[in-house]
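Summary of the model geometry
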Amino acid sequence: MEIMTNYLDETTFITLKNNKGMTVILSTSGAGIYEISIDGTPMTKGPKDQKEWMNAASYAGKTVGRYCGRIRDGILDFEGKRYQLPKNEGEKTFLHGGDNRLPYGEWEYSLITYPNAIGVEFNKEDKDSAFPGNIKVKVTYILYKEENVLRLQYSTTSDERTPVSLTSHTFFSLGAKHLDETRVLLRAKEVGLYDELLNLEKWRTNPEYLDFSTWKSFKARASDSVFQ
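Below you will find a few notes about this structure.

The rules we used
Residues numbered from 1 in each chain as written. Predicted model: local features only at pLDDT ≥ 70, side-chain atom pairs only at ≥ 80, totals over all residues. Heavy atoms only, no water. Pairing = 2+ DSSP bridges. Helix = DSSP H or I, 4+ residues; strand = E, 2+ residues; numbered from the N terminus. Axes fitted to C-alpha atoms, helices over the stretch in contact; angles between N-to-C directions. Buried < 20%, exposed > 50% of the residue type's maximum accessible area, 1.4 Å probe, protein only. Polar contact = N/O pair within 3.5 Å; in protein donor to acceptor, adjacent residues only side chain to side chain. 1 Å grid on protein atoms, 1.4 Å probe; cavity = no way out; pocket = protein on both sides within 12 Å on 5 of 7 lines; lining within 4 Å. Points joined across faces, edges and corners; volume = space filled by probe spheres on them. Phe/Tyr/Trp six-rings, centres within 6.5 Å; stacked < 30°, edge-to-face > 60°. Lys NZ or Arg CZ within 6 Å of the ring centre and 35° of its normal. Salt bridge = Lys/Arg side-chain N within 4 Å of Asp/Glu carboxyl O.

**Digging into the sheet that holds strand E11 (residues 117-126)**
Reading across the sheet, the four strands line up as E10-E11-E12-E13 and stay open at both edges, with antiparallel pairing between neighbours. Both edges of this open sheet fall to strand E10 (108-114) and strand E13 (150-158), since each of them pairs with a single strand only. Adjacent strand axes in the sheet meet at a mean angle of 20°, parallel and antiparallel pairs treated alike.

Here it is, written out as structure tokens:
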């Protein structure tokens, strides 16, 4: 197991390596995943130049929120109040939190070790946002010593009720040859409905083609007509 750091301007890149050939490079820029590789083969996509990656408009690898996704007209109706959110994708939509404080800001970090794993904990406060309340966000990455498993954990606290929806905007490149052996499990009973990538804030029980509530192979789902 190894942990290494290197620096670019005010940004720190942290490299984690386990005993099974898995390498994960994380960054204080956006509490993000710069790269995941196994035996030297990249499993993620994004700009190779670190400075370009830090500022890429694609959000590659970054922690996005407070609200991952788009909100129509940048208007949030929450618990009887209306909030006008900043617009950062044309006049009609609002993308991943609008002000980009989380995905493109610098986060504090600390290294953590366990008997069977190593990891990094990132922390950031989000104040003065157009959203209600001030929040503290913690994102933890854990790489296991003898398994090629990377675990992500998100937690937040707020000084008042507020909507929070965080995710990792990582682009994975598994390759067609890996589809047979790639399985997916999503512990979700419902899915959100979208219209032109706008969340309609309606939910429905998982349709069969999106039901990954038990382990299923990517190849089986990729053959469904909805993905053609």
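**Remarks on the sheet that holds strand E1 (residues 2-8)**
Strand order in this open sheet of five strands is E1-E2-E3-E4-E5, and the pairing throughout is antiparallel. Of all strands in the sheet, those with a lone pairing partner are E1 and strand E5 (41-42), marking the two edges. Both strand E2 (residues 11-17) and strand E3 (residues 22-27) contribute to a ladder of five bridges, which runs antiparallel. Of the residues in E3, the one forming a bridge with threonine 15 is isoleucine 25.

**A short note on the environment of aspartate 49**
Here aspartate 49 shows up in the loop between strand E6 (44-45) and helix H1 (50-55). We classify aspartate 49 as partly exposed; its relative accessible area is 45%. Separated by 15 residues in the primary sequence, aspartate 49 and tyrosine 34 place their C-alpha atoms 9.9 Å from one another. In this structure the side chain of aspartate 49 is engaged in a polar contact, spanning 3.2 Å, whose partner is the backbone nitrogen of lysine 51.

**Description of empty space enclosed by the protein**
According to the stated counting rule, one finds one cavity of 30 Å³ or more in the structure shown. Roughly 40 Å³ of internal volume is contained in the largest cavity. Every residue lining the largest cavity is listed: Tyr34, Glu35, Thr44, Lys45, Gly46, Pro47 and Lys48. Counting only elements with at least two residues in the lining of the largest cavity, the list comes to strand E4 (32-38) and E6.

**Focus: the packing of aromatic side chains**
One pass over the structure, following the stated rule, counts five aromatic pairs. Relative to tryptophan 53, the ring of tyrosine 34 has its centre 5.6 Å away and its plane inclined at 90°; by these criteria the two rings are edge-to-face. Here tyrosine 34 is found in strand E4, whereas its partner tryptophan 53 is found in helix H1, with 19 residues between them in sequence. You'll find tyrosine 34 and tryptophan 53 in the same group, each marked buried. Each ring, one from phenylalanine 122 and one from tyrosine 141, has its centre 5.9 Å from the other, and the planes form 90°; the classification is edge-to-face. Highlighted residues: phenylalanine 122 in strand E11 and tyrosine 141 in strand E12 (residues 135-144), separated in sequence by 19 residues. For the pair phenylalanine 122 and tyrosine 141, one class covers both residues: buried. Its end group placed over the ring of tryptophan 53, lysine 62 keeps NZ or CZ at 4.8 Å from the ring centre.

**What about the pattern of salt bridges?**
Applying the stated criterion across every chain yields a total of nine salt bridges. Across the pair lysine 48 and glutamate 35 runs a salt bridge, and its minimum N-O distance is 3.4 Å. In this pair, lysine 48 is assigned in the loop between E6 and H1 and glutamate 35 in strand E4, connecting sequence segments 13 residues apart. Classification of glutamate 35 by relative accessible area gives buried; the value is 18%. Note that aspartate 126 is salt-bridged to arginine 101, the shortest N-O span being 2.9 Å. Remark: arginine 101 occurs in helix H2 (residues 101-104) and aspartate 126 occurs in strand E11; sequence separation between them is 25 residues. Where salt bridges share partners, they join Arg66, Asp99, Arg101 and Asp126 into one cluster.

Shape is all these values report; function is a separate question.
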